[in-house]
Amino acid sequence: MPAGSIALLALVLVACAQASAGSTLSERVDAILAPLVEAHEFSGAVVLLRGGEVVYQRGFGSANHDARIPFTPETASDGGSLAKTLTAAGIWWLAQEGRIKLDAPATDYVPGYPHAATTVRQLIAHSNGLPWDYATFDPHFAPDQPRTTEAMLDTGDLNAFYSFVYWDRARNESVAYVSNSTLPPWRRAVLARELIDALSGTPARISAPVTFERFTRETQGVVAGTYLAANFGPLTISKASQGLRMRVADGLEYDLFQVTREVFYAPGLDYWLAFRGGSPPAVLHLRSLFVDTVLNRATAQ
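Let me begin by describing the structure that accompanies this report. (Residues numbered from 1 in each chain as written. Predicted model: local features only at pLDDT ≥ 70, side-chain atom pairs only at ≥ 80, totals over all residues. Heavy atoms only, no water.)

A tally of helices and strands in the chain yields 6 helices and 14 strands. Expressed as a percentage of the 301 residues in the chain, the buried residues total 31%. Residue pairs in contact within the chain that sit at least 24 positions apart in sequence constitute 45% of those at least 6 positions apart. Carbon and sulfur atoms provide 56% of the accessible area of the chain, an area that totals close to 18000 Å². (Helix = DSSP H or I, 4+ residues; strand = E, 2+ residues; numbered from the N terminus. Buried < 20%, exposed > 50% of the residue type's maximum accessible area, 1.4 Å probe, protein only. Contact = heavy atoms within 4.5 Å. Areas by Shrake-Rupley, 256 points an atom, 1.4 Å probe, with all protein chains shown as cover.)

Next up on the list: the packing of aromatic side chains. Any two aromatic rings considered together are summarised by their centre-to-centre distance and by the angle between their planes. In the structure shown here, the tally under the stated rule is 12 aromatic pairs. Judged by centre distance (6.2 Å) and plane angle (70 degrees), the ring pair of Phe 42 and Phe 60 falls under edge-to-face. Of the two residues, Phe 42 sits in the loop between helix H2 (25-38) and strand S1 (44-50) while Phe 60 sits in strand S2 (residues 53-60), which places them 18 residues apart along the sequence. Residue class for Phe 42 comes out buried when judged on its relative accessible area of 3%. Among the aromatic side chains, those forming a connected cluster through ring pairs are Phe 42, Phe 60, Tyr 162, Phe 164 and Tyr 177. One residue, Arg 188, lies across the ring of Tyr 162, its end atom 4.1 Å from the ring centre. (Phe/Tyr/Trp six-rings, centres within 6.5 Å; stacked < 30°, edge-to-face > 60°. Lys NZ or Arg CZ within 6 Å of the ring centre and 35° of its normal.)

Turning our attention to H2. In an α-helix, one turn spans 3.6 residues; hence positions three or four apart end up facing the same way. With 14 residues, H2 ought to run about 20 Å at 1.5 Å a step, and its terminal C-alpha atoms sit 20 Å apart, in line with that. Taken as a whole, H2 has its buried residues at Arg 28, Val 29, Ile 32, Leu 33 and Leu 36. His 40 lies just past H2 and shows a positive phi near 60 degrees. (Expected span 1.5 Å × (residues − 1).)

Attention now goes to the sheet that holds strand S6 (residues 173-179). Read across the open sheet, the 4 strands follow the order S2-S1-S6-S5; overall the sheet is antiparallel. The strands lining the two open edges of the sheet, one partner per strand, are S2 and strand S5 (162-168). With strand direction ignored, the average angle separating the axes of adjacent strands in the sheet is 5 degrees. As judged from the 7 bridges shared by S1 and S6, these two strands associate in the antiparallel manner. When the bridges of S6 are listed, Gly 44 appears paired with Ser 179. (Pairing = 2+ DSSP bridges. Axes fitted to C-alpha atoms, helices over the stretch in contact; angles between N-to-C directions.)

Looking at the secondary structure, you find Thr 24 in the loop between helix H1 (3-22) and H2. Taking relative accessible area as the criterion, Thr 24 reaches 44% and is therefore assigned partly exposed. Taking the C-alpha atoms as reference points, Thr 24 and Gly 201, separated by 177 residues in sequence, lie 9.6 Å from one another.

Let us look at the pairing of S6. Burial within S6 is extensive, with 5 of its 7 residues counted as buried. Two successive antiparallel strands, S5 and S6, enclose a turn made up of 4 residues, where Asn 172 displays a positive phi of approximately 55 degrees.

The next subject is the pattern of salt bridges. Scanning all chains against the criterion turns up 14 salt bridges. Among the salt bridges present, the one from Glu 97 reaches Arg 99, with a minimum N-O distance of 3.1 Å. Judged by its relative accessible area of 45%, Glu 97 falls in the partly exposed class. Through salt bridges with shared partners, a single network forms among Arg 50, Asp 168, Arg 171 and Glu 173. (Salt bridge = Lys/Arg side-chain N within 4 Å of Asp/Glu carboxyl O.)

Counting 21 residues, the largest nonpolar core has Leu 33, Val 46 and Leu 191 as the members making the most contacts within it. Counting residues per element, the ones that place at least two in this core are H2, S1, S2, S5, S6 and helix H6 (185-200). Not counting chain neighbours up to four residues away, the residues in contact with Leu 191 comprise Ile 32, Leu 33, Leu 36, Phe 42, Tyr 177 and Leu 183. Core analysis: the next-biggest nonpolar cluster, separate from the first, contains 19 residues, Phe 232, Leu 244, Leu 273 and Phe 275 among them. (Core = buried A, V, L, I, M, F, W, Y, C linked by side-chain atoms within 4.5 Å.)

Let us look at the pairing of strand S14 (residues 292-297). By the bridge criterion, 2 bridges tie strand S7 (residues 225-229) to S14 in an arrangement that is antiparallel. Residue Leu 228 lies in a different strand from S14, and its bridge partner there is Asn 296.

Given below as structure tokens:
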């Protein structure tokens, strides 16, 4: 990038940070969402609470594009995984009362559940043995067939909804949003952090854009290796029979899914990974709500 462009970018970033520092909460949140809405990357509703009181709520984009119905905070939306915490807590409560046995088949309580060997404990622990790859659904669709919500539900899947909730116990602040759009994966953790920082009054954290390597299902194996950074890791990515797995230090291994040509996701850790620096890549960018770091590939000894 030419020196003049770098200087201009620096001035823009400083101006953005100064503007956010002096703006009201509503102005700051609106500014965060505006470019995403304009790019058709976000439609949904955002609610911020402090001390149990709503301090910001607004809908963005359309709830139904064809009918031109706007999305509002009152729009009914699919909460997705937000229900898991409440469901698991309720099941543990019932188990303590002796009304549910955790190691009993789920069909004992939901006869229509289609997997007879799956137990209640497996369901609430995300270890139910169901298909690991969304490509499993490909045979149910023609190459040019639109994957509507109704059609995906018929094959056991639900896409195009994304929801988020965060609670800071010390500050008694909460951030929640629901959407009927698919925000780019690399942007999801950033949006969550931006909303949390806006509510807490933390200065905006500005990150310059980075271009990442692109991979296919056939070439993704080149990312396998060990990556190191100060105060983190080592993070090891290994090849498995069904794809890739990752482990941090001596922790648990997690399946690693390629969700776009550039981005991988580890569901158990809620980590997003992207790479740069050739093939095999020399650098790993790691991002989550609480982690944003860069690791370098370890050289062979």
